[in-house]
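Read off the chains here:
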Amino acid sequence: MMGEELFLQGNRAVVEGALYAGCNFYAGYPICPSTEILEIMATRMPETGGTLIQMEDELSSIAAVIGASWGGAKSMTATSGPGFSLMQENIGYAVITETPCVIVDVQRGGPSTGQPTLPAHGDIMQARWGTHGSHSIIALAPSNIKECYELTVEAFNLSERFRTPVIILSDGELAHMRERIKLEDIPIVNREQFPEGKVSFPVDPNEEGVSPFPTFGRGHRTHVTGLSHSIVGYPSEDTEVQGKLIRRIIGKIDDNKDAICKYETINPDAKHLIVAYGLPARSAKDIVQQNEDFGLFRPMTVWPFPSKAFIRATEDVESVLVVEMNEGQLFREIERYAYRAGVENVGLCSKLDGEIPTPQEIMESHADMEVDQ
Amino acid sequence: MMGEELFLQGNRAVVEGALYAGCNFYAGYPICPSTEILEIMATRMPETGGTLIQMEDELSSIAAVIGASWGGAKSMTATSGPGFSLMQENIGYAVITETPCVIVDVQRGGPSTGQPTLPAHGDIMQARWGTHGSHSIIALAPSNIKECYELTVEAFNLSERFRTPVIILSDGELAHMRERIKLEDIPIVNREQFPEGKVSFPVDPNEEGVSPFPTFGRGHRTHVTGLSHSIVGYPSEDTEVQGKLIRRIIGKIDDNKDAICKYETINPDAKHLIVAYGLPARSAKDIVQQNEDFGLFRPMTVWPFPSKAFIRATEDVESVLVVEMNEGQLFREIERYAYRAGVENVGLCSKLDGEIPTPQEIMESHADMEVDQ
Amino acid sequence: MDTIEIRLSGFGGQGLIMASVVLARAASLYESKHVVQTDDQYKREESGLYVVQTQTFGSGVRGSATKAEVKISTKEITFPEVTIPDVLVLMSEASFVKFGENVKPTSLVIVDPDTVKSRPGGEYCEIPATVMASELGNKIAANMVMLGAVVAMTDVVEVDSLKSAMKDMLPPATHELNSKAVDKGFELGNECGGRIQVDWG
Amino acid sequence: MDTIEIRLSGFGGQGLIMASVVLARAASLYESKHVVQTDDQYKREESGLYVVQTQTFGSGVRGSATKAEVKISTKEITFPEVTIPDVLVLMSEASFVKFGENVKPTSLVIVDPDTVKSRPGGEYCEIPATVMASELGNKIAANMVMLGAVVAMTDVVEVDSLKSAMKDMLPPATHELNSKAVDKGFELGNECGGRIQVDWG
Amino acid sequence: MTHFKVYREDRWPHMFCPGCGIGTTMSCFQRAFVNQGIDLDKTAFVSGIGCSSRVSGYVYADSLHTTHGRGLAYATGLKLANRDLDVFVFTGDGDLGAIGGNHFIQACRRNMDLFVICVNNNNFGMTGGQASSTTLHGYNTSTTPGGNPEYPFDLARLAAAAGANYVARYTSAHPKQLIRVMEEGMNRKGFRFIEAWVACPVYFGRYNKLKTPVEHLSWLKENSVHIEQMRADGKTTEDDIDLHVAGKITVGVIRDAQRKSYIESIEGGD
Amino acid sequence: MTHFKVYREDRWPHMFCPGCGIGTTMSCFQRAFVNQGIDLDKTAFVSGIGCSSRVSGYVYADSLHTTHGRGLAYATGLKLANRDLDVFVFTGDGDLGAIGGNHFIQACRRNMDLFVICVNNNNFGMTGGQASSTTLHGYNTSTTPGGNPEYPFDLARLAAAAGANYVARYTSAHPKQLIRVMEEGMNRKGFRFIEAWVACPVYFGRYNKLKTPVEHLSWLKENSVHIEQMRADGKTTEDDIDLHVAGKITVGVIRDAQRKSYIESIEGGD
Amino acid sequence: MKLIKREYCKGCQICVWVCPKTVYDEGTEFSDMGYLVPTVERYDDCIDHNRIKKGLKQACELCILSCPDQAIRDDLYGDE
Amino acid sequence: MKLIKREYCKGCQICVWVCPKTVYDEGTEFSDMGYLVPTVERYDDCIDHNRIKKGLKQACELCILSCPDQAIRDDLYGDE
Ligand SMILES: Cc1ncc(C[n+]2csc(CCOP(=O)(O)OP(=O)(O)O)c2C)c(N)n1
Ligand SMILES: Cc1ncc(C[n+]2csc(CCOP(=O)(O)OP(=O)(O)O)c2C)c(N)n1
Ligand code: SF4
Ligand code: SF4
Ligand code: SF4
Ligand code: SF4
Ligand code: SF4
Ligand code: SF4
Ligand SMILES: [Mg+2]
Ligand SMILES: [Mg+2]
């Protein structure tokens, strides 16, 4: 199939990316605008020898996905805002038990049932903070169909490498939009397996803070719990154990940003920097392709935010304009880095109505900023 | 009862505050360390003529609370992290339908089941961002038993005034700790009722962006939906309608910070500013009471963050140290205001192990900061 | 003109999204004769036109107004949606109300006279796609009649490309009907006056 | 000494949390004779001592080690927990292991000799609370024996205050037993050598 | 016609597809409602999310269109907060039987004072025809291209096993009977559950060779068996479950009990 | 003794209270398990949250202690991802019957290939004795100081109505019978459900004058009626539900059916 | 007379199918929404029409109750 | 001999109650955990003891199966 050119919908590209990455378990519950992922999987899974189950809701979908991962599967689910909210508790379980799995959130207008048929980027902060308790997360935001495919592969790879849930932040427009993609060879990462045979615990984490994965059914007799647990896996009420565990699961993501973060920069020497991700980044690109005064910083990894690269990108810029299809969510994260880097003029172009900001709208926001100065 | 002195546990003080504020409906599901709120309510509700129902889970608890509010009740639920995660979808429903209600999150160690018996402040960002879609929220953080009582009254008042869910962020230590409180007279706010009789929609929002509440059963024949809706209440797929609705529900909170935000400042002229809320603020107080070089900014309203007051408090300070029982959640919010205000040295004292940072630990973090400079 | 923006609009059930995908697919996968585009960002795109197909969909239920759009260009397509279309196809009264006025003087407007009551203020073409399709055997093929007409009036793709794409997408049993529909549309389109010129180099 | 920090530790089921609440309540509500404290932050506190009672609780299940603490002061209490206690009561071996060493030279350590096997390295008192309570009728009253002893050795509250608080908290049927237990503990405490001095002004 | 005494004519035509059985259920409901002379100002309607849950927005009364699956929980709070209100819940097989399954059985168990109509079209209509918990074994949907491997719930039976006071089932091919059991239910207390099997020709129909509303309705009619008939044939409860699997729809009154309603219990009546 | 062939002796004594019936259920389970000669390396244990759900942490096998109520959903994923594993689920009446009610009935409906033991102590033990969905009508708990106004689920009956293949109930006062039905269940396919009513003297007992383990056990024993006895007495299914209300515990095998299991269905066997 | 409100009718043909007296025909004209609206052809055969004429209460109503779009009414019933 | 492992026993007294032959007594000594551990007093009456002596398989085991703490074993069974 490599090299083949396909004309695909965003949701379909996510499915193909997942299958390429080795996804062999899918559990989900229908919800617009993610439903096609489930529907296409319902055909593709049996074709590729995997298992698909339509669960009774999103609580159980994510639970089945995590359960399957412990059974050795590469597993995924997809949903949209309301379902993503319902998954939050169990995403936290995947975090603390260090379970690889991929969650696609095809964002629509919110809050609540909101605008099921309109795209939005209102779940950016939720992806980072939606589950309770101190933790960190990886989330990727594709801008085109090619990235729907490639970042899904990447999501599985990161998830396997760091033993952590990875979130893909798509939206209702990208999900249904179609473009041509060419299937390229991408290296696949598989989780490191626990040493064969019945090994006594613990096996130390590697230098990235990740321990090998004791897949069930191989005689490791592992106990896995969402309670704080020592390195042996047993529950512990010890405060030191808790502190250590949480620092490690946060650290393995936050301390490995260099390995995790992907981003794109255009016109690095421009005076004005636009920061955008997902579809709005295409409007921004329109601007920067035509006007060298404007540069683009486009995080494909929104969490952890590629702060180092961003700070580099702000060198000598006069202003930073963040473009978002929400009230300014990633804006808050960016603002602190921008101010810290010494940029004084930080602005926001926020669209809340379900439409993609046009290049014109972005330029208008930019103009407003300069007036504000 | 006014003037009476009581020796109460934090959870009990929350109950008494709620009852004082007029709470007459409680729905909940047990979870440590919030359980006493449900248990005490199980006795107190029938005594005060209200209704209590133990629901089958937290999804239904928050749903019943919102339903009851439409029936005219002042309603409340309490939970802890895992249950708070489960409530997120329906908290969004309360936001978009502008339903007054109060949610108490008695925080414990997370993520996931984590440390049920240890306190933590790991849900600060979740309180703000846990539900999907663009929105805003009010959340209050008490530091002592008196505030468990008073801020619960305040939560109901804000919730009624702004027609929005209000969150109280307690924790496992505060919940069970006991202090003396004196019951003071606090003015009670009740939601403005929709004009009597069958009124044709719409009734315009007041200058705070809040419309009167058409309680069910009074002949208003209101339709309430979690879909985007026009001012008449009917679902609409119009992008303009969506944009307007979301801007208003965000604006009624973010534009009324002055009316909403409560905070405490000590030693305003000090060189070093400590920012802390909840129990860690008591350790910070210990420091500032003894050392005039240190000042305290203590937000009681953590969301919306009292940014104006905070920026004022940073005037002429050399450093800002944020003390939190998490990995630095409110820190991110504070950082951007601090940098914007020109403070260059912003530090974090983070405890992740379920213990309250001691004054010594705070001073150590402060020392580390200065070394870092 | 190195970019063309086409909007098809009508009501659910007319198969306009399908039609837009067929057209887009034809341009994307079957028009390889055109200049190879490379640039830094999309350097792996090796051939063909840049194509983006988008759509708005109402709530799951049928009957509401739909809109499907195709953007075709020799350059990378950044902003993916159609703002003011170069070609506007109208197949229901509701779609006329919603989109009929959003055109520029150079836009080609095509109306199905049997499903749209009103008429645009400016210039427009009438293609009786629904009636034609009924005559061919099933009004469901009206979308393909329209596509044939669009192709005839724009040269945006070859008729063969269109048919190939159609065959990829639709069940074999319908190929004959749809082929005929495309041809009929092409014929009707050619008869029509309005024309728009694309330049795929 | 204007602040005293008391830690009671043992296993679940011994009623140590209850005991700590009784003691704290006594100090908080029944000791109004002391200096009125006012300051800017807490200006509404009109009388009495400042008291904070805290506890750690294990998972819902019985049997695990518990710890309950009371801080009593003439000044506002900021940091609410006990770090190194002035008074440490040990009622189980596990609690000894966990907390036994965390004392300062001036700390008063009280051990129930029948429930704790080990003994502290430094000075300590033995109060056979469990056995005494059994003798009085029910070992469940051991906690009140301990309280009586603590009060005798510290003067932290009046015995009457303690009893009043106890009566607020426990069912009437148990008042007599618990009163006796307090008295017995007070007696035993007075017999003991170790003493600590608080100064409520 | 009495329809627009109960429904908001300003929103007509409604959003439902041609031939959708939700509309028929609405016709029947309004008739039962009007026959019973219930005061709209003393009622409230609650629903979850789904095509069938959209009914609440068409009723000319206070109405709460909530989140997917949670309608009964919202209704519980509303009813308890204002016990004078007659609370009606419109829901679907997905809303009630899939995501909302727990609230369903718990409300039955509590015998909560609610009147519930589940419009069962054997699939998720709103999202485009995926399998639901009542999609019959072997039938096709957009997520079961090879035929549904799962077995369906018998929702009425489940309600009865969970403790609901009044439980009846009919189809949209039985408008009169539907009206009759609706009216009977309105005269009972506690949890009243009416399951209406209806046509969704656009999705369930399309995938299962019942493309036209009339084909779909005929299928419903032909596959219904009255519960009294079943009992006369000596079929036991456990057979029912399996009959259901075979595609038969047991219609009639499944349970009519007199257990104390929740409110009766908490108000301490006898 | 065979206990520590199955359990992790390094974690003994376990966390359960004196006289807790979870421990007795564990004794019975290990006996059934060992009798059946199942290979621990080919099994996995899954549980939710609650005292009873802590059992998974004591079994010397791969085990997943998940989130409250979701055990069956996790188990479903695990089983489907590795169909060679025998998956056992330990759960409680709160975990399964309150928050997890939906996953329970759906797993029964799917006839998912799982062996499930629900330790029913009629309350939430872990959180300190609140009412659960199986707390009997009128009984006391920390959240029903005036007696429980709600009616309990008959979990076994519900499982049967939802479609589980094998359903049996006994109490911890019936260790031998428990072992027998556990073994029988291990020899069935699809969803196997064993409901074990047990003593929670510390909470349920304390609130209901059954303070000592022995009092609690005696109460369980005295209030149990065998299902065959019930049938002989001419009690119908609907009476069962109400008997339960009256505090009687129907014990025995409630359902033993041969419906295709989920995996049999998707693997296309007949 | 049975009236079909063209603005509400979606042409589902249920009335045609359900009527025991084949009062309705499929219709030939499309409404503005694009639906084929049935026509009332044999109103004289209508059960209810005949009952009302005899002073009896209507008893059939199958068309009215089955119509999913609330599009049918009978002006004879006078309950408009 | 029936052995009660003191470190595991929580003194629930179920063995005492359940044994049909009153083999156990309530006990008098508290374990380190503070529980009253029963004692095996009339082992000769034990059903299983007598069966095993006769070469039969054990048949009662009520104490072993009922003990919630896995604290009882019988060294005669040889399945340790
Ligand atoms: C939490 C959540 N998950 C999924 C959805 C998407 N969704 C909307 S309606 C629906 C199914 C409705 O099915 P049913 O209740 O049977 O109603 P019908 O449309 O068939 O009448 C689903 C899955 C949602 N809105 N919220
Ligand atoms: C989402 C969530 N809500 C609530 C809790 C708190 N909680 C823990 S265990 C439990 C009840 C357990 O009851 P049951 O399953 O009957 O187990 P038992 O302890 O009685 O054996 C509850 C409510 C939780 N952990 N997670
Ligand atoms: S999709 Fe099905 S249920 Fe929904 S309106 Fe259409 S026919 Fe009715
Ligand atoms: S609380 Fe109850 S269920 Fe939990 S361990 Fe104790 S006795 Fe057992
Ligand atoms: S009332 Fe009956 S007979 Fe008359 S038109 Fe309607 S269906 Fe036909
Ligand atoms: S039943 Fe109603 S909607 Fe259907 S064709 Fe007849 S009048 Fe029209
Ligand atoms: S085996 Fe039976 S008879 Fe022997 S001690 Fe145990 S319970 Fe008693
Ligand atoms: S049954 Fe077990 S735990 Fe209970 S007293 Fe006997 S030996 Fe001890
Ligand atoms: Mg449905
Ligand atoms: Mg329980």
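Below or above, wherever it landed, is the structure these notes cover. Since we're looking at a predicted model, the values are computed, not measured.

Summing up its helical and strand segments, chain A has 13 helices and 16 strands in all. Radius of gyration (C-alpha) of chain A: 21 Å, near the 21 Å computed for a compact globule of 373 residues. Counting only C-alpha atoms, chain A reaches 65 × 45 × 40 Å along its principal axes. Classification of the 373 residues of chain A by burial places 77% in the buried group. Sequence-distant contacts, at least 24 apart, represent 74% of the contacts inside chain A between residues at least 6 apart. Summing over all exposed atoms, chain A offers an accessible surface of approximately 9900 Å²; the carbon and sulfur share of this is 44%. Of note, chain A has its 31 positive side-chain charges centred 7 Å away from the centre of its 53 negative side-chain charges.

Attention now goes to the nonpolar core. Grouped together as the largest cluster of nonpolar side chains are 190 residues, with contacts concentrated most on Phe104 and Phe191 of chain E together with Phe104 and Phe191 of chain F. In this view, Phe104 of chain E contacts Leu72, Leu96, Leu155, Leu158, Ala159, Phe191 and Phe193 of chain E; residues no more than four positions away in its chain are not counted.

The local shell around ligand 2 holds 24 residues, among which Glu58 of chain B together with Ser52, Asp93, Gly94 and Asp95 of chain F are the closest. More than one chain approaches ligand 2, the contributing ones being chains A, B and F. Gly94 of chain F has a polar backbone atom sitting 2.7 Å from an oxygen atom of ligand 2. Here an oxygen atom of ligand 2 and a side-chain polar atom of Asn121 of chain F are 2.9 Å apart. Assessed atom by atom at 2 Å from the grid points, ligand 2 resides in the largest cavity.

Time to look at unusual backbone geometry. All names here are of chain A. In this chain, Gly110 is followed by Pro111 through a cis amide linkage whose omega measures 0°. Turning to its location among the elements, Pro111 is positioned in the loop between strand S5 (101-109) and strand S6 (115-119). In the segment running from Trp303 into Pro304, the intervening peptide bond is cis, with an omega of -10°. You will see that Arg163, though not glycine, has its phi angle at about 45°, which is positive. Looking at the secondary structure, you find Arg163 in the loop between helix H6 (145-162) and strand S8 (165-171).

Now for the packing of aromatic side chains. Applying the stated criterion to the full structure yields 56 aromatic pairs over all chains. Residues Phe305 of chain A and Tyr337 of chain A carry aromatic rings whose centres are separated by 5.8 Å and whose planes lie at 20° to one another, so their mutual orientation is stacked. Of the two residues, Phe305 of chain A sits in the loop between strand S14 (301-303) and helix H11 (307-313) while Tyr337 of chain A sits in helix H12 (residues 330-340), which places them 32 residues apart along the sequence. Taken individually, Phe305 of chain A and Tyr337 of chain A each receive the classification buried, so the pair is uniform in this respect. An aromatic cluster is built from Phe4, Tyr7, Trp12, Phe16 and Tyr58 of chain E together with Tyr8 of chain G, whose rings are joined through pairwise contacts. Across the ring face of Tyr151 of chain F, the terminal group of Arg259 of chain E is positioned such that the distance to the ring centre comes to 4.4 Å.

Coordination angles at a metal have ideal targets, namely 109.5 degrees for four tetrahedral donors and 90 or 180 degrees for six octahedral donors. Residues and elements named next belong to chain E. Every protein donor of the magnesium ion (ligand 9) is listed here as Asp93 (OD), Asn121 (OD1) and Asn123 (O), and their distances to the metal cover 2.0 to 2.2 Å. Of note, the magnesium ion (ligand 9) draws all its donor residues from one chain, in the sequence arrangement D-x27-N-x1-N. One end of the pair, Asp93, is in helix H4 (residues 93-97); the other, Asn123, is in strand S5 (residues 123-124), and 30 residues separate them in sequence. Each of the two residues, Asp93 as well as Asn123, counts as buried.

On to the relation of the copies chain B and chain A, then. The transformation that overlays chain B on chain A combines an axial shift of 0.0 Å with a rotation of 180°, and the residual RMSD is 0.0 Å. Both copies of the chain, as the preceding transformation shows, are related through a two-fold rotation axis. Looking at the interface residues of chain B, 100% of them are also at the interface in chain A, so both copies use one shared face.

Below, the discussion takes up the pairing of strand S1 (residues 3-11) of chain C. Residue and element names in this part refer to chain C. With eight of nine residues buried, S1 is to be regarded as a mostly interior element. Here S1 pairs with strand S3 (residues 65-73) via nine bridges, running antiparallel. The residue bridging Thr3 from the neighbouring strand is Ser73, located in S3. The pairing of S1 with strand S4 (residues 87-90) spans four bridges and is classified as parallel. Pairing of Ile6 across the sheet is with Val87, part of S4.

Our focus in this paragraph is the sheet that holds strand S15 (residues 319-324) of chain B. Residue and element names in this part refer to chain B. The strand order S11-S13-S12-S15-S16 describes an open sheet built from five strands, whose pairing is mixed. Of all strands in the sheet, those bounded by a partner on one side alone are strand S11 (263-266) and strand S16 (345-350). When strand polarity is set aside, the average angle formed by the axes of neighbouring strands in this sheet is 20°. By the bridge criterion, six bridges tie S15 to S16 in an arrangement that is parallel. When the sheet's bridge partners are listed, Val323 is paired in S16 with Cys349.

On to the arrangement of the chains, then. Of all 16 pairs of chains that touch, the greatest number of contacts is found between chains A and B. Separated in space, chain D and chain G share no contact, their closest pair of C-alpha atoms being 55 Å apart. At no point do chain G and chain H touch; the closest pair of C-alpha atoms across them sits 61 Å apart.

Between chain E and chain A, the residue contacts involve 17 residues of the former and 19 residues of the latter. Across the interface of chain E and chain A, roughly 1100 Å² is buried in total on both sides, 56% from carbon and sulfur atoms. When residues of chain E are sorted by the area they lose upon contact with chain A, Ile99, Thr127 and Thr143 of chain E head the list and together hold 35% of the total. Applying the counting rule to chain E against chain A returns zero salt bridges. Summed over the shared surface of chain E and chain A, the number is six residue pairs in polar contact (both at pLDDT 80 or more). By residue class, the composition of the side of chain E that touches chain A is six nonpolar, nine polar and two charged.

Turning to the site of ligand 6, a few remarks are in order. As a structural note, the neighbourhood of ligand 6 is formed by Ile4, Cys9, Lys10, Gly11, Cys12, Gln13, Cys15, Pro38, Cys67, Pro68, Asp69 and Ile72 of chain G. Looking at the shell around ligand 6, its residues break down into eight nonpolar, two polar and two charged.

Here the focus is the pairing of strand S7 (residues 166-171) of chain E. Residue and element names in this part refer to chain E. Burial analysis of S7 places six of its six residues in the buried class, the great majority of the element. Both faces of S7 are covered, namely the face carrying Tyr166, Ala168 and Tyr170 and the face carrying Val167, Arg169 and Thr171. Running through helix H7 (residues 175-186), the crossover from S7 to the neighbouring parallel element strand S8 (residues 191-197) is right-handed. As defined by bridge partners, S7 adjoins strand S10 (residues 249-256) across four bridges and the pair is classed as antiparallel. Residue pairing for S10: Ala168 is matched across the bridge by Val253.

Right, let's talk about the interface of chain B and chain A for a bit. Each side of the interface is counted separately: chain B has 61 residues, and chain A has 61 residues. Taken together, both faces of the contact between chain B and chain A bury some 5300 Å²; the carbon and sulfur share is 55%. Its largest share of buried area at the contact with chain A, chain B owes to Trp129, His132 and Arg332 of chain B, together 15% of the area lost on that side. On the surface where chain B and chain A come into contact, there are six salt bridges. A salt bridge links Glu333 of chain B to Arg332 of chain A; its shortest N-O distance comes to 2.8 Å. Our count for the chain B to chain A interface comes out at 40 residue pairs in polar contact (both at pLDDT 80 or more). Taken together, the elements giving at least two residues each to the side of chain B that touches chain A come down to helix H4 (81-97), strand S6 (115-119), helix H5 (124-129), helix H8 (239-254) and helix H12 (330-340) of chain B. By residue number, the principal contributor to the side of chain B that touches chain A is H4 of chain B, which donates 10 residues. Here the side of chain B that touches chain A is composed, by residue class, of 19 nonpolar, 28 polar and 14 charged.

Looking now at the coordination of the magnesium ion (ligand 10). Residue and element names in this part refer to chain F. Asp93 (OD), Asn121 (OD1) and Asn123 (O) make up the full set of protein donors to the magnesium ion (ligand 10), lying at 2.0 to 2.2 Å. Donor residues for the magnesium ion (ligand 10) sit on one chain with the sequence pattern D-x27-N-x1-N. Comparing Asn121 with Asn123 shows no difference in burial state: the two are buried.

Definitions and cut-offs
Residues take numbers from 1 onward in each chain, read along the sequence in its written order. Chain letters start at A and ligand numbers start at 1, both assigned in the order the entries are written. Totals for whole chains, interfaces and linings use every residue, but because this is a predicted model, local features are given only for residues with pLDDT of at least 70 and side-chain atom pairs only at 80 or more, for both listing and counting. Side-chain descriptors were evaluated using all non-hydrogen atoms of the structure, hydrogens and water having been removed beforehand. Under the DSSP-based scheme used, a helix requires at least four consecutive residues in state H or I and a strand at least two consecutive residues in state E, with every element numbered from the N terminus. Our radius of gyration looks at C-alpha atoms and nothing else; its globule reference is 2.2 Å times the residue count to the power 0.38. The cut-offs for exposure are 20% and 50% of the maximum accessible area for each residue type, with area from a 1.4 Å probe on protein chains only; residues under the lower value are buried, those over the upper are exposed, and the others partly exposed. Whether two residues touch is decided by their heavy atoms; if any such pair falls within 4.5 Å, the residues are in contact. Residue burial considers only the protein chains on display, and all accessible areas are found by Shrake-Rupley using a 1.4 Å probe. The charge count treats Lys and Arg as positive and Asp and Glu as negative. His and the chain ends do not count. Charged side chains are reduced to one point each, which is NZ for Lys, CZ for Arg, CG for Asp and CD for Glu. For our purposes a nonpolar core is just a set of buried Ala, Val, Leu, Ile, Met, Phe, Trp, Tyr and Cys residues, chained together by side-chain atoms within 4.5 Å. Here a residue counts as near a molecule or strand whenever at least one of its heavy atoms sits within 4 Å of it. Each polar contact in these results corresponds to two N or O atoms within 3.5 Å; when the atoms are within protein, one needs to be able to donate a hydrogen and the other to accept it, and residues that are neighboring in sequence are counted only if both atoms are side-chain atoms. Using only the protein atoms, space was sampled on a 1 Å grid; points where a 1.4 Å probe fits but cannot get out form cavities, open sets with protein on both sides within 12 Å along at least five of seven lines form pockets, and lining residues are those with an atom within 4 Å of a point. For a molecule to be placed in a cavity or pocket, more than half of its atoms must lie within 2 Å of the grid points of that cavity or pocket. For Phe, Tyr and Trp, rings pair up if their centres lie within 6.5 Å, where Trp contributes its six-membered ring, and each pair is then called stacked (planes under 30 degrees apart), edge-to-face (over 60) or tilted (otherwise). Should the NZ of a Lys or the CZ of an Arg lie within 6 Å of a ring centre and within 35 degrees of the ring normal, that charge is described as sitting over the ring. Metal donors: N, O and S atoms at distances within 2.8 Å, or within 3.2 Å for Na, K and Ca, with water omitted from the atom set so that some sites may seem incomplete. Least squares is the method for superposing the copies, and the C-alpha atoms it fits come from residues with pLDDT of at least 70 in both. Two strands qualify as a pair provided DSSP detects at least 2 bridges between them. Axes here mean lines fitted to C-alpha atoms, for a helix over just the part in contact, with angles spanning 0 to 180 degrees between N-to-C directions. What counts as buried area is the accessible surface, traced by a 1.4 Å probe, that two parts surrender upon association, with contributions from both included. What makes a salt bridge here is a side-chain nitrogen of Lys or Arg within 4 Å of a carboxyl oxygen of Asp or Glu, nothing more. Charged means Asp, Glu, Lys or Arg here, nonpolar means Ala, Val, Leu, Ile, Met, Phe, Trp, Tyr, Cys or Pro, and polar covers whatever is left, Gly included. A crossover gets the label right-handed when its path from the first strand over the helix to the second runs clockwise, viewed with the strands pointing away from the viewer.

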